Amino acid sequence: PWLSRQQFAAWALDFLITGNGYLERLGNRIGGTARLKQSPALHTRRAKEEGEYLWIKDWHDHYAFERGSVFHLVEPDPMQEIYGMPAYMGGLNSVWLNESATLFRRKYYENGSHAGFILYVTDPNITEDDTDAIKDALKKSKGIGNFKNLFIRTAGGQKDGLQLIPISEVAAKDEFLNIKGASRDDILAAHRVPPPLMGIVPNNTGGFGSVEAAATVFVKNELEPLQSRFRELNDWAGMDVVNFAPYELDVQDAGVRVTQQSRR
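Just so it is clear, the structure is predicted and the values come from calculations on it, not from any experiment.

K.L.:
Could you give an account of helix α1 (residues 5-18), with specific residues and numbers?
P.N.:
Taking 1.5 Å as the rise per residue, α1 with 14 residues should run 20 Å; its terminal C-alpha atoms sit 20 Å apart, in good agreement. Along α1, the positions that sit buried rather than exposed are W11, A12, D14 and F15. Seen from one end, α1 has its buried residues packed into an arc of 155 degrees, which puts them on one side. Residues of α1 that are exposed and point more than 90 degrees away from the buried face comprise R5 and Q6. For α1, the elements touching its buried residues are β1 (20-27), β2 (33-39), β6 (70-74), α6 (211-230) and α7 (232-237). At the C-terminal side of α1, G19 shows a positive phi close to 80 degrees.

K.L.:
I'd like to hear about the nonpolar core, residue by residue, with values.
P.N.:
Across soluble globular proteins, you tend to see nonpolar side chains buried next to one another. Among the nonpolar cores identified, the biggest contains 13 residues, and L3, W11, L73, F230, L233, V241 and V242 are the most heavily contacted of them. Top contributing element to this core by residue count: α1, with 3 residues. Non-local contacts of V241, meaning those with residues more than four positions away in its chain, are made with W2, L3, L36, L233 and N234. In this structure, Y22, A41, Y53 and F65 belong to the second largest nonpolar core, which totals 5 residues.

Analysis parameters
Residues numbered from 1 in each chain as written. Predicted model: local features only at pLDDT ≥ 70, side-chain atom pairs only at ≥ 80, totals over all residues. Heavy atoms only, no water. Helix = DSSP H or I, 4+ residues; strand = E, 2+ residues; numbered from the N terminus. Expected span 1.5 Å × (residues − 1). Buried < 20%, exposed > 50% of the residue type's maximum accessible area, 1.4 Å probe, protein only. Arc of directions from axis to C-beta. Contact = heavy atoms within 4.5 Å. Core = buried A, V, L, I, M, F, W, Y, C linked by side-chain atoms within 4.5 Å.

Structure below.
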């Protein structure tokens, strides 16, 4: 009753993204707690005095919280103790590399100005009129969805009189797929999320193994420690504000239902 699901979701998202989560205690008329409200971590700052916090939008627009009314959940930082540091910081370079590779590839295909090949003509049977016709056909083939075939006939021409030299192969060798795969693995390692839980298609024939086992280990090693961090709010507030239901993976019953449906 003191913390709505929406406010908890905003508080948890702030903590996961920035390593800092802030909740403001709003009091009632008898000096107790009416409710807890999330304060956006992007604009919430610690003041000089212990237990004092500010909400700062810019240099002239700020609001001072009542002393002791803000709970600050911090992800530990080995360099300082004022603000938290998110756990995924080590994977940011891989995230940016993935973004740069994706944007480069997208712009490459969207600009429509890249040269696809060089048409090298040395056959003397191809006249100037034929050359002009080839140029005109190549110009008309440019545009979205205009991939067309080109027919050229040179009776008695030489074997290498007409050569097609692709240029786009240079761009194709930029290791795009390897960059995407390597950066994906780094990002998964930074967030410590098993690949089958994220809907990633396996590259090997064996797959990722049991999804149920991965989910159980992920909850035990990652979610439950995170839930224990959120329960620190209960110690600060002096009441049971946050609680979590035990994790249950009802695989057996789901399998029974699927079997019954298949029999029908």
